[in-house]
Amino acid sequence: MGNSSEFQKAVKLVINTVSFDKDSTVQVFEATIRVLGSLLSAHRIITDSKQPFGDMTIKDYDNELLYMAHDLAVRLLPAFENTKTGIPYPRVNLKTGVPPDTNNETCTAGAGSLLVEFGILSRLLGDSTFEWVARRAVKALWNLRSNDTGLLGNVVNIQTGHWVGKQSGLGAGLDSFYEYLLKSYILFGEKEDLEMFNAAYQSIQNYLRRGREACNEGEGDPPLYVNVNMFSGQLMNTWIDSLQAFFPGLQVLIGDVEDAICLHAFYYAIWKRYGALPERYNWQLQAPDVLFYPLRPELVESTYLLYQATKNPFYLHVGMDILQSLEKYTKVKCGYATLHHVIDKSTEDRMESFFSQ
């Protein structure tokens, strides 16, 4: 949001207090996208003169966050060793490597959504190791797709390459695999990433999409994407999950803006009805199957990308509506101050300016 003083304070706190030399077992995927990703993002904000957030430089900064990111990534590397397919183990101990009782099964999203962070780290360090192992995992998963449909399942055995979970969809277990194919191409310009994404997108349109052909024309139901068997393309259930709300944003990035608008409207209508996206929604019964909402950001990102693509003020309204819902239904006390006290007036002004840009 451009709050340089709080950013500087947070960076110094991390540098002075955080160590990854811990006897702690972590999920490789979560540690990568959240911890490694935030270290690299903060490092780029400090060092990239083209970043758009104002003066975020830190006096005497000596690439400490980059070194910490490197340290963490090295501790995650054992997950990629001793696997017959090249697909990583789902968990690793930061001190001792892969625990002996670790499961050989992993989800496609967890194993195939490491390339953005590992690729950035490799390019910042001039060390191809990290990008190479992440890219090898993506290719291994891609090569296991169905010959008939081009679809992937949601759970795979990393030693045998056997699909344990044969459900193919856009939600849990698969979502960010597709997201990272396209975003990796945008970041690195590697044509094979785009080729894989385009092929996957075509399979998604052929087998997962239901509803009328055009978003705003013709008869029939508005489009949505369902869960099917990866080998046959046959419907497996009648629910979608809230993670799927990332997909309109991905459609914006590929240039399919009209379909993105239509699909986003579907998720936003569910949000309006309940004040949040239920974790699972049964589109046949038009009712939630799983009732909780764990503060997932996917609909927010799609809303942001649609606003950037269209500049339609409707999406600013949607963003405000989501924010007000979060304030109304999810806000809790933190210490002796509420969120309103933590976010002061100057920060609110920066937020308003940031989102209006």
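Residues numbered from 1 in each chain as written. Predicted model: local features only at pLDDT ≥ 70, side-chain atom pairs only at ≥ 80, totals over all residues. Heavy atoms only, no water.

**Q** Where do I start with the sheet that holds strand E3 (residues 105-107) in this structure?
**A** Pairing within the open sheet is antiparallel, and its three strands lie in the order E3-E4-E5. Since the sheet does not close on itself, it has two edges, and those belong to E3 and strand E5 (163-165), each with one partner. Here the average twist between neighbouring strands, direction ignored, is 35°. Pairing of E3 with strand E4 (residues 155-157) involves three bridges; the strand directions are antiparallel. Directly across from Glu105, in E4, lies its bridge partner Asn157. (Pairing = 2+ DSSP bridges. Helix = DSSP H or I, 4+ residues; strand = E, 2+ residues; numbered from the N terminus. Axes fitted to C-alpha atoms, helices over the stretch in contact; angles between N-to-C directions.)

**Q** What exactly am I supposed to notice about unusual backbone geometry here?
**A** Trans peptide bonds make up most of the peptide bonds, and negative phi angles are found at most residues other than glycine. Located in the positive-phi region is Asn82, a residue other than glycine, with phi close to 55°. If you trace the backbone, Asn82 turns up in the loop between helix H3 (64-76) and strand E2 (91-93). Positive phi, normally seen in glycine, also occurs at Gln286, with a value near 55°. By the secondary structure assignment, Gln286 is in the loop between strand E11 (280-282) and strand E12 (287-290).

**Q** What is the right way to look at the sheet that holds strand E10 (residues 239-241) in this model?
**A** Neighbouring strands of a sheet are bound in pairs by backbone hydrogen bonds; such pairs are parallel or else antiparallel. Overall, antiparallel pairing links the three strands, which are arranged E10-E11-E12 in an open sheet. Two strands bound the open sheet, and with one partner strand each, they are E10 and E12. On average, each strand axis in the sheet is inclined to that of its neighbour by 35°, with strand direction left out of account. By the bridge criterion, three bridges tie E10 to E11 in an arrangement that is antiparallel. Following the sheet pairing, Asp241 is matched in E11 by Arg280.

**Q** So what exactly am I meant to see when it comes to helix H5 (residues 115-125) here?
**A** Because an α-helix completes one turn every 3.6 residues, residues spaced three or four positions apart along the sequence face the same direction. Within H5, the full set of buried residues consists of Leu115, Val116, Glu117, Phe118, Gly119, Leu121 and Ser122. Downstream of H5 by a residue or two, Gly126 has a phi angle that is positive, lying close to 70°. (Buried < 20%, exposed > 50% of the residue type's maximum accessible area, 1.4 Å probe, protein only.)

**Q** Any chance you could explain the pattern of salt bridges here in plain terms?
**A** Two side chains of opposite charge can pair, provided their charged atoms sit close to one another. According to the stated counting rule, one finds 16 salt bridges in the structure shown. Between Asp71 and Arg75 there is a salt bridge, and its shortest N-O distance comes to 3.1 Å. Of this pair, Asp71 and Arg75 both sit in helix H3, four residues apart, which is roughly one turn of the helix. On the basis of relative accessible area, Asp71 is assigned to the partly exposed category, the value being 29%. Take Arg75: its relative accessible area is 18%, and that puts it in the buried class. (Salt bridge = Lys/Arg side-chain N within 4 Å of Asp/Glu carboxyl O.)

**Q** Any chance you could explain the nonpolar core here in plain terms?
**A** Inside soluble globular proteins, nonpolar side chains tend to come together where they are buried. Judged by nonpolar contacts, the single largest core of 82 residues is most densely connected at Phe118, Tyr178 and Phe247. The biggest single contributor to this core is helix H2 (residues 28-47), with eight residues. With near-sequence residues (within four places) excluded, Phe118 lies in contact with Thr32, Leu36, Leu76, Leu77, Phe80, Phe130, Glu131, Val133 and Ala134. Counting residues in hydrophobic clusters, the runner-up holds six residues, among them Ala260, Leu305, Tyr307 and Tyr315. (Core = buried A, V, L, I, M, F, W, Y, C linked by side-chain atoms within 4.5 Å. Contact = heavy atoms within 4.5 Å.)

**Q** Please clarify how helix H12 (residues 314-329) should be interpreted in this entry.
**A** Taking 1.5 Å of rise per residue, the 16 residues of H12 would be expected to cover 22 Å, and the 22 Å separating its terminal C-alpha atoms lies within 8% of that figure. Buried residues along H12 sit in contact with helix H10 (257-274) and helix H11 (298-310). (Expected span 1.5 Å × (residues − 1).)

**Q** Whenever I open this one, the packing of aromatic side chains confuses me. Can you help?
**A** In this description, an aromatic ring pair is defined by two values, namely the gap between the centres and the angle between the planes. By the definition in use, this model includes eleven aromatic pairs. With centroids separated by 6.3 Å and ring planes inclined at 70°, the aromatic side chains of Phe118 and Phe130 adopt a geometry described as edge-to-face. Highlighted residues: Phe118 in helix H5 and Phe130 in helix H6 (residues 129-143), separated in sequence by twelve residues. Owing to a relative accessible area of 1%, Phe130 belongs among the buried residues under this scheme. Of the aromatic side chains, those joined through ring pairs into one cluster are Phe197, Tyr201, Tyr225, Phe246 and Phe247. In this arrangement the basic side chain of Arg280 is found over the ring face of Trp239, its NZ or CZ atom lying 3.7 Å from the centre. (Phe/Tyr/Trp six-rings, centres within 6.5 Å; stacked < 30°, edge-to-face > 60°. Lys NZ or Arg CZ within 6 Å of the ring centre and 35° of its normal.)

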